[in-house]
Amino acid sequence: MAEAERIIGTPGTPDDGGERTAAPDASGTSGADQQSTVDRRPGRGRRIAVLFAVAAFAYALDLVSKMIVVAKLEHHAPIQVVGDWLEFHAIRNPGAAFGFGGAFTIIFTLIAAAVIVVIFRLARKLYSFPWAVALGLLLGGALGNLTDRIFRSPGIFEGQVVDFIAPKDFAVFNLADSAIVCGGILIVLLSFRGLDPDGTVHKD
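Here's a quick rundown of the structure. Keep in mind that what you see is a predicted model, and the values were worked out from it rather than measured. The residue numbers shown here count from 1 along each chain, following its written sequence. For this predicted model, a pLDDT threshold of at least 70 governs which residues receive local features, and a threshold of 80 or more governs which side-chain atom pairs are given and counted, while totals over whole chains, interfaces and linings are taken from all residues. Only hydrogens and water are removed before side-chain values are computed, so all heavy atoms of the structure are retained for them.

## Some remarks on the packing of helix H3 (residues 44–72) against helix H6 (residues 175–193)
Item 1. Taken N-terminus to C-terminus, the directions of H3 and H6 make an angle of 155°; their axes are 8 Å apart at the nearest point. By the angle between their axes, H3 is roughly antiparallel relative to H6. Counted together, Ala 58, Leu 61, Asp 62, Ser 65 and Lys 66 of H3 and Leu 175, Ala 176 and Ala 179 of H6 form the full contact between these two elements.
Item 2. Under this grouping Gly is polar, as are all residues other than the nonpolar Ala, Val, Leu, Ile, Met, Phe, Trp, Tyr, Cys and Pro and the charged Asp, Glu, Lys and Arg. Of the residues belonging to the contact of H3 with H6, the class tally is 5 nonpolar, 1 polar and 2 charged. Inter-axis angles, ranging from 0 to 180 degrees, are taken between N-to-C directions of lines fitted to C-alpha atoms, where helices are fitted over the stretch in contact. By definition, any uninterrupted DSSP run of H or I lasting at least four residues is a helix, any uninterrupted run of E lasting at least two residues is a strand, and each is numbered from the N terminus. What sets the label is the angle itself: under 35 degrees gives roughly parallel, over 145 gives roughly antiparallel, 65 to 115 gives roughly perpendicular, and the rest give oblique. Contacts between residues were defined by any pair of non-hydrogen atoms, one from each residue, lying within 4.5 Å.

Structural data, given as C-alpha cells:
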C-alpha cells in the first residue's frame, strides 16, 4: 500500500516534498507542529468536496448507463451510433479495462479496492483542484467497475463488468473505464508540470 501511494504521488510537506521529522527550531516549534499547521491551512475541505463530487457524478453516470444497457440493449442487436465507426454493443467483461486479462477477475477486483483505499488516504493532504478532479475520476471509475465485480454474476468478487461502447477496431469499454483513463492522463500531465497533490510545485 505504501508503495502504491509512492507511485501515485503521496504528498509531503511543502518545504522538502516528503515527510520528515524535524528538530524544534529556535522558537521551540517542532517539525510535527509545523506539519500540523500546514495541514490546517484553508482549502482542503473544498478540494475534498470536489473530489467526492466528481467521483459521485462519474459513479452515478456509469451506474445509470449500465442499468439502461442491461435493460434495453443486452441480448439485442448492436445499435449504430456513428455509422460503422461507433456502436453500442452490450457485453460482459470478466477482465480489466477494455477486456484485458479475463482470467484474473479476482486480482483486478483487489486492485480496484486497493486504488480506492489509496485515494482516500491521499485525500487527507489534498490541496490541488486539478488533483481533486483527477482523483475523483479515478475513484468514480474504480467504484463503478468494483460494483459490477461485487454484485453481478457469476458471483461476489468475480462479477463480470458491463461494457457497451464499441468503437470500430477497438476494445469495448464503459464510462467507468473512460473516467479511469481520463483521470490517469490528467495525473500524468500534472506530474509532468511538477504539481503535487498538496498544491506545491517543484522543478526538476
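## Regarding a nonpolar patch on the surface
Item 1. Patch definition: residues with relative accessible area over 30% and no salt bridge; like charges joined within 9 Å; nonpolar side chains (Val, Leu, Ile, Met, Phe, Trp, Tyr) joined within 5 Å. Per-residue and other accessible areas were derived by the Shrake-Rupley procedure at a 1.4 Å probe size, with only the shown protein chains allowed to occlude residues. For salt bridges, the criterion is a side-chain nitrogen of Lys or Arg within 4 Å of an Asp or Glu carboxyl oxygen. A contiguous nonpolar patch, built from Ile 79, Val 81, Val 82 and Trp 85 and spanning about 410 Å² of accessible area, is present on the exposed surface.
Item 2. Relative to the helices and strands, Trp 85 resides in the loop between strand S1 (79–82) and strand S2 (86–93).

## Here's the deal with the sheet that holds strand S3 (residues 161–167)
In a beta sheet, neighbouring strands pair by backbone hydrogen bonds and run either parallel or antiparallel.
Item 1. Strand order in the open sheet formed by 3 strands is S1-S2-S3, and the pairing between neighbours is antiparallel. With partners counted over all chains shown, the strands left at the sheet margins are S1 and S3, one partner each. Pairwise comparison of adjacent strand axes, ignoring direction, gives a mean angle of 40° for this sheet.
Item 2. Pairs of strands are assigned from DSSP output, requiring at least two bridges between the strands. Looking at chain direction, S2 and S3 are connected through 6 bridges and run antiparallel. Bridge pairing in S3 places Asn 93 opposite Val 161.

## Points about unusual backbone geometry
Item 1. In this structure, the amide linkage connecting Ser 153 to the following residue, Pro 154, adopts the cis form with an omega of 10°.
Item 2. Topologically, Pro 154 is positioned in the loop between helix H5 (129–151) and S3.
Item 3. Here the phi dihedral of His 75 falls at roughly 70°; this positive angle occurs in a residue that is not glycine.
Item 4. Mapped onto the elements of the fold, His 75 is located in the loop between H3 and S1.
Item 5. Despite not being glycine, Asp 169 shows a phi value in the positive range, around 60°.
Item 6. Looking at the element boundaries, Asp 169 is found in the loop between S3 and H6.
Item 7. Each residue gets one of three labels from its accessible area relative to the maximum for its type: buried under 20%, exposed over 50%, partly exposed in between, using a 1.4 Å probe on protein chains only. Residue Asp 169 is classed as exposed on the basis of its relative accessible area of 74%.

## Topic: the side chain of Thr 147
Item 1. On the secondary structure map, Thr 147 appears in helix H5.
Item 2. Those residues within four positions of Thr 147 in sequence are excluded, and the remaining contacts are Tyr 59 and Arg 152.

## Concerning the environment of Ser 128
Item 1. Relative to the elements of secondary structure, Ser 128 occurs in the loop between helix H4 (105–122) and H5.
Item 2. Note: C-alpha distance between Ser 128 and Pro 197 (69 residues apart in sequence) is 5.4 Å.
Item 3. Beyond its immediate sequence surroundings of up to four residues, Ser 128 is in contact with Arg 47, Leu 195, Asp 196, Pro 197 and Gly 199.

By themselves, these figures tell us nothing about what the structure is for.
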